[in-house]
Amino acid sequence: MQKTSAQFDDVITLCRDLFTKKLSDYGPSFRVLRAPSLTDQIFIKVKSLRTFQTTGTSKVGESEEENFIAIVNYAIIGLIQLEKGVADDYREDREEMLHLYDHFAGEAKALMLRKNHDYGEAWREMRISSITDLIYQKVLRTKQIEDNAGQTVVSEGIDANYFDMLNYAAFCLIRLREKSFPTVKTSEN
């Protein structure tokens, strides 16, 4: 679990770095987006991933890693929007946005560690395409909940789905990084 915790931190740092750079470029312009718009942004990214995973090509040149980073960031932005509500403008404090990013990333990590304990890190043995399908399923569920004005009978809410999408995308980023930089086994391992 120690390894997973550190790997999770590494991919969140990667995602946060891009979020911070975009925050510098655009400010917190995402503050005007309603939750369904963010869900649709994740929908676009997961559809792109499924196309790439099926065909092996991307005509716009977005890598799997870039799409999974986007899913992590859009999920965190969705959680920020659920917490703060939609703004009519985006004159928000940059440090507050980074604090909220860190807060939700921390909550996601805590959830991931609890679930990892119970499920025995099953995601490590899953195909990245299967995890992508789980993200897609979560997006479709979230869209249905949004279409139902946020009401559920027995299911978790929108926030829980955003957390799951975030964690699944982080798992895929970890797996992709492991494929790019495999651990070298030595007699000491």
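Our subject is the structure that appears above.
Keep in mind that this is a model prediction, so the values were computed, not measured. (Residues numbered from 1 in each chain as written. Predicted model: local features only at pLDDT ≥ 70, side-chain atom pairs only at ≥ 80, totals over all residues. Heavy atoms only, no water.)

(A) Geometry of the overall build of the protein. Secondary structure summary: the protein contains six helices and zero strands in total. Along the chain direction, N to C, the helices and strands of the protein fall in the order α-α-α-α-α-α. For the protein, the C-alpha radius of gyration of 17 Å lies close to 16 Å, the compact-globule estimate for 189 residues. Projecting the C-alpha coordinates of the protein onto the three principal axes gives extents of approximately 60 × 40 × 35 Å. Taken over 189 residues, the protein has a buried fraction of 41%. (Helix = DSSP H or I, 4+ residues; strand = E, 2+ residues; numbered from the N terminus. Rg over C-alpha atoms; globule rule 2.2 N^0.38 Å. Buried < 20%, exposed > 50% of the residue type's maximum accessible area, 1.4 Å probe, protein only.)

(B) Molecular detail of helix α4 (residues 94-119). Compared with an ideal rise of 1.5 Å per residue, which puts 26 residues at 38 Å, α4 spans 37 Å between its outermost C-alpha atoms and is within 8% of the ideal. All of the buried residues along α4 are Met 97, Leu 98, Leu 100, Tyr 101, Phe 104, Ala 105, Ala 108, Lys 109, Leu 111, Met 112 and Asn 116. Next to the buried residues of α4 lie α1 (2-26), α3 (64-84) and α6 (158-180). Remark: Gly 120 follows α4 within two positions and exhibits a positive phi of approximately 60°. (Expected span 1.5 Å × (residues − 1). Contact = heavy atoms within 4.5 Å.)

(C) Seen up close, unusual backbone geometry. Backbone geometry places Glu 121, a non-glycine residue, at a positive phi of 55°. Taking the relative accessible area as the measure of exposure, Glu 121 reaches 17% and is therefore buried. Backbone geometry at Ala 149 places phi at a positive 60°, although glycine is not the residue there. Ala 149 gets classed as exposed once you look at its relative accessible area, which sits at 63%.

(D) The arrangement of the packing of aromatic side chains in detail. Going through the model one piece at a time under the given rule, you end up with five aromatic pairs. Between Phe 104 and Phe 163, the ring centres sit 6.4 Å apart and the planes meet at 50°, which makes this aromatic pair tilted. With Phe 104 in helix α4 and Phe 163 in helix α6, the pair connects residues that are 59 residues apart, well separated along the chain. Classification of Phe 163 by relative accessible area gives buried; the value is 10%. Members of the aromatic cluster, joined through ring pairs, are Phe 19, Phe 30 and Tyr 101. Above the plane of the ring of Phe 43 lies Lys 143, whose end atom (NZ or CZ) is 4.9 Å from the centre. (Phe/Tyr/Trp six-rings, centres within 6.5 Å; stacked < 30°, edge-to-face > 60°. Lys NZ or Arg CZ within 6 Å of the ring centre and 35° of its normal.)

(E) Molecular detail of the environment of Glu 64. With respect to the helices and strands, Glu 64 occurs in helix α3. What makes Glu 64 buried here is its relative accessible area of 17%. When the C-alpha positions of Glu 64 and Glu 178 are compared, they lie 14 Å apart, and in sequence the two are 114 residues distant. Here Glu 64 is in contact with Leu 49, Phe 52, Gln 53, Ile 128 and Leu 176, once residues within four sequence places are set aside.

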